[in-house]
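# Notes for the structure review
Each chain is listed here by its residues.
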Amino acid sequence: MAGALPLGDPAPPDGLLPLADAELSSSRDLGLYVHVPFCRVRCGYCDFNTYTSGELKGARPSDYASQASAELRFAADVLDASGVVARPFSTVFLGGGTPTMLPAADLVRMLGTAREVAGLAEGAEVTTEANPDSVDERYLAELAEGGFTRVSFGMQSAVPSVLATLERTHDPERIPHVVRWARATGLQVSLDLIYGAPGETLDDWRRSVDAVLENGPDHVSAYALIVEQGTRLARQIRTGSVPEPDDDLQADMYELADDAFAAHGYEWYEVSNWSRSRETRSRHNLGYWLGHDWWGVGPGAHSHVGATRWWNVKHPSAYASRIAEGVSPAAGRERIGAASAALERILLLTRVREGIALSSLLPTARREVAGLLADGLVDPAAAFAGTLTLTRRGRLLADAVVRRLT
């Protein structure tokens, strides 16, 4: 299970939002995130809010679609009563956990409730994450028939020894099958990778990148492994049973992937994401980076509307109790002040290809740009045109760039 929830103010049982959020939200898209917190096994590196069957303490996956649907109806009432402008969901994303541990009919049912209470924008992007061993051809067809447009497979690696280190259970030979099945239904396909696992070599990583390219997905995500405190992997590293990830090796892996993806027609649009075209970018994730609104449904899910951010109670049984009582499942919330909003804007927009307008930076930050140019961290042509956009070296050192700008 994930660590403690953020500190914040108490969340009101009715969930009502400050009137000021209605004005801030009027020009933003509204996304929906549904957190499905169930997993068959817990991967040693994962600190997401997930639960195996022995950890549910009375909560039942078979009840989850009803509970999530109830929160969706609650959300619609809260937004209406708070004066927030009515908007259809521009994107829907089911993540976890493993959403596809539930029957396809449950995922389609939750999407149906979203359509019922708020509607879906024309051309809405509707994604679910999936483990390769949790779906078959019929399952994917049922998702497509029910309105899903996209599936994101947790491939992680094509090398069995690396998958074993990450404690992933699927057979890498299954990837071509699930990609083919998804394509046959008309679903867009994303493949997700993790690099820098203990013991993973550059040649191992090259095999995984090559395997992705052989499958030709529409979109690729590649994230460096981060050792999260409290996970089994962190304990293994602390005791010396597995080596700590090597930062320099991870940088080499990133450059290898970026070169290979670019050579095969994939363009980076966010530090860890590449797409065949603008149309196949993850619009849902872009909504986070661009500062749009979203409602997060489910245990531990986070939401952001206007200048208010809140997070739900973590455990599925506590969440189920709140939903049954008809009160907000939020455990706490916070108002985002102007200074924090400005910091977050820099943090997020510097990660995307379009960058951030230099004119929007404070004078102290603008003075740092000359140094960033000299260090090869930002694109000089873009800077000349008035935009701060990271070079590949800048992407590798994105956190350092943000520190200098703030």
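You'll find the structure just up there.
This text gives an overview of the structure that appears in the document. Just so it is clear, the model here is predicted, and its values are computed rather than measured. (Residues numbered from 1 in each chain as written. Predicted model: local features only at pLDDT ≥ 70, side-chain atom pairs only at ≥ 80, totals over all residues. Heavy atoms only, no water.)

## What to know about the layout of surface pockets
Taken as a whole, the second largest pocket spans an internal volume of roughly 270 Å³. Of all the elements in the fold, those that place two or more residues in the lining of the second largest pocket are strand S1 (30–36), strand S2 (89–96), helix H10 (283–289) and strand S9 (293–297). When residues of the lining of the second largest pocket are assigned to their parent elements, the largest contribution, five residues, is made by H10. Of the residues contributing to the lining of the second largest pocket, the split by class is five nonpolar, six polar and six charged. (1 Å grid on protein atoms, 1.4 Å probe; cavity = no way out; pocket = protein on both sides within 12 Å on 5 of 7 lines; lining within 4 Å. Points joined across faces, edges and corners; volume = space filled by probe spheres on them. Helix = DSSP H or I, 4+ residues; strand = E, 2+ residues; numbered from the N terminus. Nonpolar A, V, L, I, M, F, W, Y, C, P; charged D, E, K, R; others polar.)

## Some points on the packing of helix H2 (residues 64–81) against helix H11 (residues 316–325)
Where H2 meets H11, the axes come as close as 10 Å, and the angle between the chain directions of the two elements is 55°. Of the possible angle classes, the one that applies to H2 and H11 is oblique. As for how H2 packs across H11, the hand of that crossing is left-handed. Together, Tyr64, Gln67, Ala68, Ala70 and Glu71 of H2 and Tyr319, Ala320 and Ile323 of H11 make up the contact between the two elements. (Axes fitted to C-alpha atoms, helices over the stretch in contact; angles between N-to-C directions. Parallel < 35°, antiparallel > 145°, perpendicular 65-115°, else oblique. Left-handed = near helix turned anticlockwise from the far one by under 90°. Contact = heavy atoms within 4.5 Å.)

## Describing H11
Note that an α-helix has 3.6 residues per turn; residues three or four places apart therefore point the same way. For H11, the full list of buried residues reads Pro316, Tyr319, Ala320 and Ile323. In an axial view of H11, the angular spread of the buried residues amounts to 100°, which keeps them on one side of the axis. In the core, the buried residues of H11 are packed alongside H2, S9 and strand S11 (308–312). The first or second residue beyond H11 is Gly326, which carries a positive phi of 75°. (Buried < 20%, exposed > 50% of the residue type's maximum accessible area, 1.4 Å probe, protein only. Arc of directions from axis to C-beta.)

## What about a negative patch on the surface?
On the surface, a cluster of negative charge is contributed by Glu244, Asp246, Asp247, Asp248 and Asp252. Mapped onto the elements, Asp252 comes out in helix H9 (residues 247–263). By relative accessible area, Asp252 is classed as partly exposed at 40%. (Patch = residues over 30% accessible without salt bridge, like charges linked within 9 Å, V, L, I, M, F, W, Y side chains within 5 Å. Areas by Shrake-Rupley, 256 points an atom, 1.4 Å probe, with all protein chains shown as cover. Salt bridge = Lys/Arg side-chain N within 4 Å of Asp/Glu carboxyl O. Lys, Arg positive; Asp, Glu negative; His and termini not counted. Charge placed at Lys NZ, Arg CZ, Asp CG, Glu CD.)

## Considering the pattern of salt bridges
Taken as a whole and assessed by the stated rule, the structure comprises 23 salt bridges. Ionic pairing is found between Arg309 and Glu334, a salt bridge with its closest N-O pair at 2.8 Å. Taken as a pair, Arg309 in strand S11 and Glu334 in strand S12 (residues 330–335) lie far apart in primary sequence, 25 residues in all. In this structure Arg309 comes out as buried when scored by relative accessible area, which is 17%. In this structure Glu334 comes out as partly exposed when scored by relative accessible area, which is 28%. A salt bridge links Arg404 to Glu368; the shortest N-O distance between them is 3.6 Å. Here Arg404 is found in helix H16 (residues 398–405), whereas its partner Glu368 is found in helix H13 (residues 363–374), with 36 residues between them in sequence. Note on Arg404: relative accessible area 29%, which makes it partly exposed. Overall, Glu368 belongs to the partly exposed group, its relative accessible area being 29%.

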